[in-house]
Amino acid sequence: MKNLKLTSLSSDDRKRTVVTVDNVKIGEDFVVIAGPCSVESEEQTIKTARKVKEAGANMLRGGAFKPRTSPYAFQGLGLQGLKILEKAKRETGLPVVTEVTDPRDVSWVCEYADVLQIGARNMQNFSLLKEVGKVDRPVLLKRGINSTLEEWLNCAEYVLAEGNQNVILCERGIRTFETYTRNTLDLGIVPSVKEVSHLPIIVDPSHGTGKLSVIEPMSLAAMAAGADGIIIEVHCNPCEALCDKDQAMPPDVFAALMKKLAALRSCMHEMDQDKKNIIVHRMKNI
Ligand code: PEP
Ligand code: MN
């Protein structure tokens, strides 16, 4: 891959970026970001925020600006939604990840957001990328619906080139001939990113599959593939969700998933320990 001056993994020190948001370190710990697709009301957001916090999530997600396929679908609450997210943060202590869709909104959305999300549809919105590159908020850069790894990393390059070094990549599924799932979650991209870039990468199995039954196994698979975290849509009352109802996870299912992730993490840690012990044993016998 040519001209990836700022996003490439250095062959000298192989140093990786760790993005710090309050006490959360993305790129060091496995991070879980959870919350509703959209901020619909104060009650819905705060109820959901409390539930995900209780289950052990590290950050809260929620869209106040919703880029929808249909202009007639719910477009988000805008500023009112951001104020609700601010209140949810005050109540739970969870840092907030929220989408920004317009370059003119970036500076004032920063007053409410701990992490600025660039959605899949805006991955190549270069004026938006340049704008988020100038502010001091980490950027969660989703992969475009039909983008290659090289195109995606070039978009991250736009942000880094403006001075903002805190970019987190997010695989959210790409469009293929398969229609059973909403998108095709490309988990092979996780070790691929690790091979070529120092940036952390998380996985969004909610948009990546669009199906509640597939989200849990894909969350576990994301961890096994080496992702730095996941971002999941959770709704306190999925049947009433105004956006992405079919993929909205109820809080009790989310809590059960968090337990499975913890079990898998300790399993993976044990495997790492075993590997280290075997290497030490071999070295001693040389
Ligand atoms: C979202 O996370 O709310 C969203 C709209 O995701 P994407 O841009 O990946 O479709
Ligand atoms: Mn959504």
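Residues numbered from 1 in each chain as written. Chains lettered and ligands numbered in written order. Predicted model: local features only at pLDDT ≥ 70, side-chain atom pairs only at ≥ 80, totals over all residues. Heavy atoms only, no water.

### Considering the coordination of the manganese ion (ligand 2)
Distances from the manganese ion (ligand 2) to its protein donors, namely Cys-37 (SG), His-207 (NE2), Glu-233 (OE) and Asp-244 (OD), fall within the range 2.0 to 2.4 Å. Here the donor residues for the manganese ion (ligand 2) map to a single chain with the spacing C-x169-H-x25-E-x10-D. Residue Cys-37 is found in the loop between β3 (31–35) and α1 (42–55), and its partner His-207 is found in helix α7 (residues 205–209); the two are separated by 170 residues along the sequence. Here Cys-37 matches His-207 in class, with each residue buried. (Donors = N, O, S within 2.8 Å, 3.2 Å for Na, K, Ca; no water. Helix = DSSP H or I, 4+ residues; strand = E, 2+ residues; numbered from the N terminus. Buried < 20%, exposed > 50% of the residue type's maximum accessible area, 1.4 Å probe, protein only.)

### Examining the pattern of salt bridges
As enumerated under the stated definition, the model contains 14 salt bridges in all. For Glu-171, the salt bridge identified is with Arg-143, shortest N-O distance 2.9 Å. One end of the pair, Glu-171, is in strand β8 (residues 167–171); the other, Arg-143, is in the loop between β7 (139–142) and α5 (149–161), and 28 residues separate them in sequence. The salt bridge involving Asp-228 is made with Lys-194; its shortest N-O contact spans 2.6 Å. A residue pair is termed long-range when its members are at least 10 positions apart, and Asp-228 in the loop between α8 (212–224) and β10 (229–233) and Lys-194 in helix α6 (residues 189–196) qualify at 34 residues. (Salt bridge = Lys/Arg side-chain N within 4 Å of Asp/Glu carboxyl O.)

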